[in-house]
Amino acid sequence: MTGGLKGNIPEEEYIQAPFIRKQGNIYKPNNKDMDNDSILEKTALDVHTKEIDLVNRDPNHINDEVVKVEFEDVIAEPAGTYSFDGVWKASFTTFTVTKYWCYRLLTALVGIPLALVWGIFFAILSFVHIWAVVPCVKSYLIEIQCVSRVYSICVHTFLDPLFEAMGKCFGGIRVSSTKVV
């Protein structure tokens with residue numbers, strides 16, 4: 001990067017400097033000029049350059065109920081059947097350390113390839129949804145409007161008078177019940 005300025009924003013702050021038009025965007029060319037605060041907000045929301053939180057790695061709590069397995073959830077001794085205190089402490093330490101390091105080893109070996117697989121999967125899923133599913137649904141809704149209008153006309157022309165006549169015929173019927181002892 002050259003170290004120059006794009007507007008009032010130095011290029012060193014960005015991995016890739018954002019392209020910003022002076023007169024709005026290409027689809028609405030008569031938009032007013034964007035102020036620097038909205039430019040900074042827009043570039044701060046870029047998902048490719050945002051910083052990840054290394055402390056809270058599950059901010060949406062999607063794994064709260066699934067993988068919180070502690071020693072007490074797996075191994076428990078009821079009253080009256082206690083092992084030696086040293087065995088209990090060693091078992092706790094062994095379980096905790098083994099679970100911790102096995103998880104780290106598995107994530108180091110398999111985490112990056114699985115992240116690649118899931119990234120490709122969700123990219124394909126997004127592509128299919130954006131470029132195939134939504135256009136098909138929209139075109140179906142547009143095309144079905146014609147059928148909907150014809151169906152509505154047929155119902156109002158033929159069935160409404162029929163059911164209205166049946167309602168008038170059966171509307172005068174009165175049912176009464178008497179209890180005979």
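Residues numbered from 1 in each chain as written. Predicted model: local features only at pLDDT ≥ 70, side-chain atom pairs only at ≥ 80, totals over all residues. Heavy atoms only, no water.

Named according to an unreviewed UniProt entry, the chain is Caveolin originating from Clupea harengus. The annotation that UniProt attaches to the chain under Sequence similarities (unreviewed entry) is "Belongs to the caveolin family." The annotation that UniProt attaches to the chain under Function (unreviewed entry) is "May act as a scaffolding protein within caveolar membranes. Interacts directly with G-protein alpha subunits and can functionally regulate their activity." (UniProt positions renumbered as here; feature names shortened; annotations may be inferred.)

(A) Region of the structure containing the overall build of the chain. Broken down by element type, the chain carries three helices and two strands. Moving toward the C terminus, one meets the helices and strands of the chain in the order β-β-α-α-α. A burial count over the chain gives 4% of its 181 residues as buried. Across the chain, the fraction of contacts at a sequence separation of at least 24, relative to all contacts at a separation of at least 6, is 24%. (Helix = DSSP H or I, 4+ residues; strand = E, 2+ residues; numbered from the N terminus. Buried < 20%, exposed > 50% of the residue type's maximum accessible area, 1.4 Å probe, protein only. Contact = heavy atoms within 4.5 Å.)

(B) Fine view of the pattern of salt bridges. The tally for this structure, following the rule as stated, stands at one salt bridge. Glu 164 is the partner of Lys 168 in a salt bridge, and the nearest nitrogen-oxygen pair spans 3.9 Å. With a gap of four residues between them, Lys 168 and Glu 164 both fall in helix α3 (residues 85-171), about one helical turn apart. On the basis of relative accessible area, Glu 164 is assigned to the partly exposed category, the value being 48%. (Salt bridge = Lys/Arg side-chain N within 4 Å of Asp/Glu carboxyl O.)

(C) Here's a closer look at the packing of aromatic side chains. Tallied over the entire structure, the rule returns seven aromatic pairs. With centroids separated by 5.2 Å and ring planes inclined at 80 degrees, the aromatic side chains of Phe 121 and Phe 122 adopt a geometry described as edge-to-face. Since its relative accessible area comes to 41%, Phe 121 is described here as partly exposed. Judged by its relative accessible area of 45%, Phe 122 falls in the partly exposed class. Here the guanidinium or amino end of Arg 104 rests over the ring plane of Trp 101, the centre of that ring lying 5.6 Å away. (Phe/Tyr/Trp six-rings, centres within 6.5 Å; stacked < 30°, edge-to-face > 60°. Lys NZ or Arg CZ within 6 Å of the ring centre and 35° of its normal.)

(D) The arrangement of the layout of surface pockets in detail. Approximately 880 Å³ is the volume attributed to the largest pocket. What lines the largest pocket is a set of 15 residues, and nearest its centre among them are Asn 63, Val 67, Lys 68, Lys 99 and Tyr 103. In terms of residue class, the lining of the largest pocket is made up of six nonpolar, two polar and seven charged. (1 Å grid on protein atoms, 1.4 Å probe; cavity = no way out; pocket = protein on both sides within 12 Å on 5 of 7 lines; lining within 4 Å. Points joined across faces, edges and corners; volume = space filled by probe spheres on them. Nonpolar A, V, L, I, M, F, W, Y, C, P; charged D, E, K, R; others polar.)

(E) Region of the structure containing the side chain of Asp 58. Secondary-structure assignment places Asp 58 in the loop between α1 (36-44) and α2 (71-74). One buried charged residue, Asp 58, forms no salt bridge at all, with the nearest opposite charge on Lys 68 at 7.7 Å. Of note is the side chain of Asp 58, whose polar atom sits 3.0 Å from the backbone nitrogen of Ile 62. Leave out the neighbours within four places in its chain, and Asp 58 touches Asn 63 and Asp 64. (Lys, Arg positive; Asp, Glu negative; His and termini not counted. Polar contact = N/O pair within 3.5 Å; in protein donor to acceptor, adjacent residues only side chain to side chain.)

(F) Broad picture of the UniProt feature "transmembrane region" (unreviewed entry) in the chain. According to UniProt, the positions carrying the feature "transmembrane region" (unreviewed entry) are residues 105-132. Note that residues 105-132 is 100% helix and 0% strand, and that its end C-alpha atoms are spaced 40 Å apart.

(G) Region of the structure containing α3. Counted at 1.5 Å a residue, the expected span for α3 with its 87 residues is 129 Å, but the 84 Å between its end C-alpha atoms falls short. The largest bend along α3 measures about 50 degrees and falls at Val 110, with the proline Pro 113 one to four residues further on. (Expected span 1.5 Å × (residues − 1). Bend = angle between axes of the 7 residues up to and from the residue.)

(H) Spotlight on the confidence of the model for the chain. On average, residues of the chain carry a pLDDT of 80, and 73% of them reach 70 or more. Here strand β1 (residues 5-6) stands out as the least confident element of the chain, with mean pLDDT 46; α3 is the most confident, with 94. The model gives residues 1-7 a pLDDT under 50, and that stretch makes 13 contacts with residues more than four places away or in other chains. Considering only residues more than four positions removed or in separate chains, one finds that residues 19-29, a stretch of pLDDT under 50, has eleven contacts. (pLDDT = per-residue confidence, 0-100.)

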